[in-house]
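# Geometric and topological summary
In case you want the letters, here they are:
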Amino acid sequence: MAFAGPSHLLSSSSACLRRLNPSLFSAHSHSPWTPRRAARRSCAAIAAERDVFTSPEDAKSFDFTSEERIYKWWESQGFFKPNVDRGGDPFVIPMPPPNVTGSLHMGHAMFVTLEDIMIRYFRMKGRPTLWLPGTDHAGIATQLVVEKMLAAEGVKRTDLTREEFTTRVWEWKEKYGGTITNQIKRLGASCDWSRERFTLDEQLSRAVVEAFIRLHEKGLIYQGSYLVNWSPNLQTAVSDLEVEYSEEPGNLYFIKYRVAGGSRDDFMTIATTRPETLFGDVAIAVNPEDERYAKYVGRLAIVPLTFGRHVPIIADRYVDPEFGTGVLKISPGHDQNDYHIARKLGLPILNVMNKDGTLNDVAGLYSGMDRFEARDKLWAELVETNLAVKKEPYTLRVPRSQRGGEVIEPLISKQWFVTMEPLAERALDAVEKGQLVILPERFEKIYNNWLTNIKDWCISRQLWWGHRIPVWYIVGKKCEEDYIVARNAEDALSKAQEKYGKSVEIYQDPDVLDTWFSSALWPFSTLGWPDLSREDFKNFYPTTVLETGHDILFFWVARMVMMGIEFTGTVPFSHVYLHGLIRDSEGRKMSKSLGNVIDPLDTMKEYGTDALRFTLCMGTAGQDINLSTERLTSNKAFTNKLWNAGKFLLQNMPDRSDFTAWDLLLANKFDSEASLEKLPLPESWVVTGLHELIDRVSTSYDKFYFGDAAREIYDFFWGQFADWYIESSKTRLYHSGDGSASNMTQSVLLYVFENILKLLHPFMPFVTEELWQIRGIRNVRAEYSVEPAKRISASVVATADVLEYISKEKKVLALLSKLDSENVRFTESLPCDANQSVHIVAEEGLEAYLPLADMVDVSEEVKRLSKRLSKMQTEYDALLARLNSPSFVEKAPEDIVRGVREKASEAEEKISLTKNRLSFLQSTVST
């Protein structure tokens, strides 16, 4: 079988027993994968799939170009889909959705690697595993991309209607939106792509509206004018996460503020980096313990260049006497700290800025001037009027838009907000009560601190692309006084007519919701919420692990916890695993300006995906990792060392046609103390070392210590197996003359190497899969859940000339396909039990019949397929109901309708195949 299929190979037997012979790594511990398509393959399947894989016998080193072929083979076999029928506690990871505009970078490579390690490990343990992928609509980023595309055509967004623009965005998404998905696949991500989600999918959009309505009904959503991060170029509020601070050269301006009623010598000098905001000053503040200015507290100061506007001089402990001159101008309309001081003291708030970054009428003669142009002109006038003291070079911490790059302006703006404090309390309790575990543990303190001091969340954005806020206003009424929250326009109009009469006119709020609002619902909206009857929601929620970068612990993780508890009553995941940032070899953050960005796609081409993954996983949870070419080169060498070990094994194993020798080799067991005592010292030493390794690695896997697990495997393989045991085995293989000793050495080589591959597979899936397939493929057996040790009979039907050729390879065919060599028949006519057999067409003129009675309990298989068919029919009926609804077909976006039609067509095809297979099985029962 392929590693991607579930296996008993990581069962929970005791450590003591595993030290003797861990059942998780027994030579025949493969469990078959779930049947997914009609069984019409065997010899041809083996031949075709052997084209996917390359043997170490034929290739000098592992060919990285085969990675995409291997991945496509995994997908084609359905290995990434969870099989809940197996039972057991599901292991579920909701993938952090990358932006639909994104292109693969090392941050993506990090989270894909770590999450894939978890998923593959627990899949191999036999648990139903779901890694649910998807992408984020990325409101600002996507709108920017499409606006640039339109600009190249000479079209502005405002030249189009909102509907025309969003249509163009959907067209762009259909054409380019799959780029990041395909790149994530290149990393080996074993996601269930049949469940891929997009935050603007119909189901997720319905969840967003439902969440808004429920929060509003509880009084947790309100509208008001408050200070927000404003992007003048994008003309929208942006979240804290979308603001990046950079150190840039600037100036510190020292300005005289005269004291009203005083002499010419009575003035206070204020140091500011933004003199243009003085038009918004509402007070001057000093520290109450600063004796220099005590005499002025309680008096008034004159704001320069404002024709004598007076503001109070106040005392507040917030003021740092050591910074600048110890005097602080309070401009609450343009500074977060000043804003909080003004709110605390009841000071008025003046806004001097228009939304495009120009000064407004409050600035008098400077009205209409760009903020930076005004800064230079204002300073020149201060110099001219002797109100300028000096200007000094100063390093500024400048807030810039992550998307547009322009300087962000703190600005008073009317927005929608969520009251966070009551939501935060329950999220804090979840960690305190152990319902949520954060790894590494030190991040709990940061999580608790942020939630304890949480601010209300601005959730509205002034964009056209995104989830439209489900609020409607009444024409002729003030927005603050009369608005309606509804699930759709029809519902809103009906509510408005009940209150204002049939002639009422309404219009929808033009804003959209913050992208992070829909992302906060991700773990449960992707599984069908608010429809709690959905099978995926019942089977896979709550999820198990949320893995992401520690830098978005607050902005995303904490919000998911709050929303999950609020809407489902349950913490959305039991564990949060936080990884660090990837830096260059010198520890610097990767950036285009430094020229130190490492492209993961280029890296995979040069070093192989496995080497990149192994390098990324070697770090410690939560710690930044320095990525160097030296590490990549070393792990590429490790890949080649594995390959060469596989080559050595194949060269020193029995001939594939020597069935008897293989039976003797595989008969050797290492599952008891007595069996280990019979081993020669080198073999006993390496097998015992392997079992101890399995103990340590299993513990590390279960504790999410992936770096420790990787190092343990690396050290054992390279130091104890490859460099020591393989070398010592040569004396028995080449020089002993003792057939039994040689056979035992072959058994140990195979046993240890196979288990090393199993241990390594979650880290290095491609090369381990390639090496594993040296064992051959048994598709039909797998589809019918045939026990691995069971030999089945077969009738091979072909023309005389084909039979003459293939009958000579009877032992090879039996060995590779695990057939009973005594009951393989070659004939030119149909066998008498053909109607009770699985029929495989290998190619024209070559067919095979495998008796069902040899492979499966037909009655049990009929029950299983009947249950599966009922579930498929229910899902298909639901799709048809949507397609038969005029309101859906006529009003939903065309691509959404098309997607539902495609799903319905696919479901119909699956139902047909399942019915045919069920009918076939039922006919064999009646026969």
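Residues numbered from 1 in each chain as written. Predicted model: local features only at pLDDT ≥ 70, side-chain atom pairs only at ≥ 80, totals over all residues. Heavy atoms only, no water.

Looking only at helices and strands, the chain has 33 helices and 29 strands in total. A buried classification covers 55% of the 927 residues belonging to the chain. Looking at the chain alone, contacts between residues at least 24 apart form 77% of all its contacts between residues at least 6 apart. Element-wise, carbon and sulfur atoms account for 50% of the exposed surface of the chain, whose accessible area totals about 40,100 Å². (Helix = DSSP H or I, 4+ residues; strand = E, 2+ residues; numbered from the N terminus. Buried < 20%, exposed > 50% of the residue type's maximum accessible area, 1.4 Å probe, protein only. Contact = heavy atoms within 4.5 Å. Areas by Shrake-Rupley, 256 points an atom, 1.4 Å probe, with all protein chains shown as cover.)

This part is about unusual backbone geometry. Between Leu439 and Pro440 the backbone carries a cis peptide bond, its omega angle lying at -5°. Positionally, Pro440 belongs in the loop between strand S15 (437-439) and helix H12 (443-452). Look at the link from Tyr541 to Pro542: it is a cis peptide, with omega at 0°. Tracing the backbone through its elements, the reader meets Pro542 in the loop between helix H16 (535-540) and strand S22 (543-549). Positive phi values are uncommon outside glycine, yet Gln235 reaches one of about 60°. With respect to the secondary-structure elements, Gln235 resides in the loop between strand S5 (221-231) and strand S6 (236-238). Among the residues examined, Gln235 registers a relative accessible area of 32% and is labelled partly exposed. The phi dihedral of Phe307 is positive, around 60°, even though this residue is not glycine. Here Phe307 lies in the loop between strand S10 (300-302) and strand S11 (310-315). Looking at Phe307, the relative accessible area reads 77%, which means it is exposed.

Another point: the packing of aromatic side chains. Overall, the coordinates contain 46 aromatic pairs when judged by the stated rule. The interplanar angle of 75° and the centroid separation of 5.3 Å between the aromatic rings of Trp170 and Trp465 together place this pair among those described as edge-to-face. A residue pair is termed long-range when its members are at least 10 positions apart, and Trp170 in helix H6 (residues 162-176) and Trp465 in the loop between strand S17 (460-461) and strand S18 (471-474) qualify at 295 residues. Like Trp465, Trp170 is buried. Each ring, one from Trp529 and one from Phe567, has its centre 5.2 Å from the other, and the planes form 45°; the classification is tilted. Of this pair, Trp529 sits in the loop between helix H15 (522-525) and H16 while Phe567 is found in helix H17 (residues 553-568), placing the two residues 38 residues apart along the sequence. Its relative accessible area of 8% is what places Phe567 among the buried residues. If you follow Lys173 out to its NZ or CZ, it ends over the ring of Phe198, 4.3 Å from the centre. Arg882 extends its terminal NZ or CZ atom over the ring of Phe888, reaching a point 4.8 Å from the ring centre. (Phe/Tyr/Trp six-rings, centres within 6.5 Å; stacked < 30°, edge-to-face > 60°. Lys NZ or Arg CZ within 6 Å of the ring centre and 35° of its normal.)

At their nearest, the axes of helix H23 (residues 681-702) and helix H25 (residues 739-760) sit 11 Å apart, and the two run at 15° to each other. The pairing of H23 with H25 is recorded here as roughly parallel in orientation. Here H23 runs over H25; the crossing is left-handed. Side by side, H23 and H25 meet where Glu683, Val686, Val687, Leu690, His691, Leu693, Ile694, Val697 and Tyr701 of the first sit next to Thr745, Val748, Tyr751, Val752, Asn755, Ile756 and Leu759 of the second. In the contact of H23 with H25, the residues fall into twelve nonpolar, three polar and one charged. (Axes fitted to C-alpha atoms, helices over the stretch in contact; angles between N-to-C directions. Parallel < 35°, antiparallel > 145°, perpendicular 65-115°, else oblique. Left-handed = near helix turned anticlockwise from the far one by under 90°. Nonpolar A, V, L, I, M, F, W, Y, C, P; charged D, E, K, R; others polar.)

With 95 residues, the main nonpolar core has Phe614, Phe721, Val752 and Phe763 as its most contacted residues. When residues in this core are grouped by element, the largest group, twelve residues, is from helix H24 (residues 706-735). Setting aside residues no more than four positions away along its own chain, Phe721 makes contact with Leu649, Val686, Phe716, Ile726, Leu749, Val752, Phe753 and Ile756. Among the nonpolar cores identified, the runner-up in size contains 63 residues, and Ala427, Val431, Tyr541 and Met562 belong to it. (Core = buried A, V, L, I, M, F, W, Y, C linked by side-chain atoms within 4.5 Å.)

For the rest of this paragraph, the subject is the sheet that holds strand S16 (residues 457-458). Read across the open sheet, the four strands follow the order S6-S5-S14-S16; overall the sheet is antiparallel. Unpaired on one side and paired on the other, S6 and S16 mark the two borders of the sheet. Pairing of S5 with strand S14 (residues 409-418), which is carried by ten bridges, proceeds in the antiparallel orientation. Note on S14: the bridge partner recorded for Val228 is Leu411. (Pairing = 2+ DSSP bridges.)

This brings us to the sheet that holds S18. The strand order S19-S18-S20 describes an open sheet built from three strands, whose pairing is antiparallel. Because the sheet does not close on itself, it has two edges, and the strands there are strand S19 (483-485) and strand S20 (506-508). Each neighbouring strand pair of the sheet contributes to a mean axis angle of 30°, computed without reference to strand direction.

For the rest of this paragraph, the subject is a negative patch on the surface. Taken together, Glu421, Glu425, Asp429, Glu432 and Asp456 make up a surface patch of like negative charges. In this structure, Glu425 sits in helix H11 (residues 421-432). (Patch = residues over 30% accessible without salt bridge, like charges linked within 9 Å, V, L, I, M, F, W, Y side chains within 5 Å. Salt bridge = Lys/Arg side-chain N within 4 Å of Asp/Glu carboxyl O. Lys, Arg positive; Asp, Glu negative; His and termini not counted. Charge placed at Lys NZ, Arg CZ, Asp CG, Glu CD.)

For the chain, mean pLDDT is 86; residues scoring 70 or higher make up 89% of the total. Residue range residues 3-50 is modelled with pLDDT below 50. Its contacts to residues more than four positions away, or to other chains, number 153 contacts. Every residue in residues 776-780 is under pLDDT 50, and counting partners more than four places away or in other chains gives 21 contacts. (pLDDT = per-residue confidence, 0-100.)

Here the focus is H17. Across the 16 residues that make up H17, a large majority, 14, are buried. Positioned one or two residues after H17, Gly569 has a phi angle of 75°, which is positive.

With that settled, the discussion passes to the environment of Ile180. Within the secondary structure, Ile180 sits in helix H7 (residues 179-186). As a C-alpha pair, Ile180 and Thr101 span 79 residues in sequence and 7.6 Å in three-dimensional space. Sequence-distant contacts of Ile180, that is, excluding residues within four places in its chain, are made with Pro98, Asn99, Gly102, Ser103, Leu104, His108 and Thr135.

With that settled, consider the side chain of Thr548. Relative to the elements of secondary structure, Thr548 occurs in strand S22. Not counting chain neighbours up to four residues away, the residues in contact with Thr548 comprise Pro96, Trp556, Val557, Tyr577, Leu578 and His579.

Applying the stated rule across the entire model yields 43 salt bridges. Residues Lys390 and Glu392 are paired through a salt bridge, measuring 2.8 Å at the closest nitrogen-oxygen approach. Taking the relative accessible area as the measure of exposure, Lys390 reaches 38% and is therefore partly exposed. What makes Glu392 partly exposed here is its relative accessible area of 30%. If you follow the salt bridges from partner to partner, you end up with Arg274, Glu276, Arg371, Arg375 and Glu409 in one network.

Relative to the assigned elements, Ser729 resides in helix H24. Here Ser729 is in contact with Phe648, Thr745 and Leu749, once residues within four sequence places are set aside.

So, on to the pairing of strand S7 (residues 243-259). Inspection of the sheet shows S7 paired to strand S13 (residues 388-401) by 13 bridges, in the antiparallel sense. Bridge pairing in S13 links Glu244 to Arg400. Note that S7 and S10 share two bridges and pair antiparallel. Across the sheet, the residue bridging to Arg258 is Ile302, located in S10.

Here the focus is the packing of H12 against H17. Contact geometry for H12 and H17: axes closest at 11 Å, N-to-C directions at 75°. Classified by the angle between their axes, H12 and H17 sit roughly perpendicular to one another. On H17, the residues that touch Phe443, Ile446, Tyr447, Trp450 and Leu451 of H12 are Leu553, Phe554, Ala558, Val561 and Met562. Tallied by class, the residues present in the contact of H12 with H17 amount to ten nonpolar, no polar and no charged.

In this section: the environment of Ile774. Summarising the element assignment, Ile774 is placed in the loop between helix H26 (765-772) and helix H27 (779-783). Spatially, the C-alpha atoms of Ile774 and Pro56 are 8.4 Å apart, while their sequence positions differ by 718 residues.

Of the two faces of S18, the one lined by Val471 and Tyr473 and the one lined by Trp472 and Ile474 are each fully buried. The pairing of S18 with S19 spans three bridges and is antiparallel. What sits directly across from Tyr473, in S19, is Tyr483. Here S18 runs beside S20; their pairing, made up of three bridges, is antiparallel. Looking at S20, one finds that Tyr473 is bridged to Tyr507.

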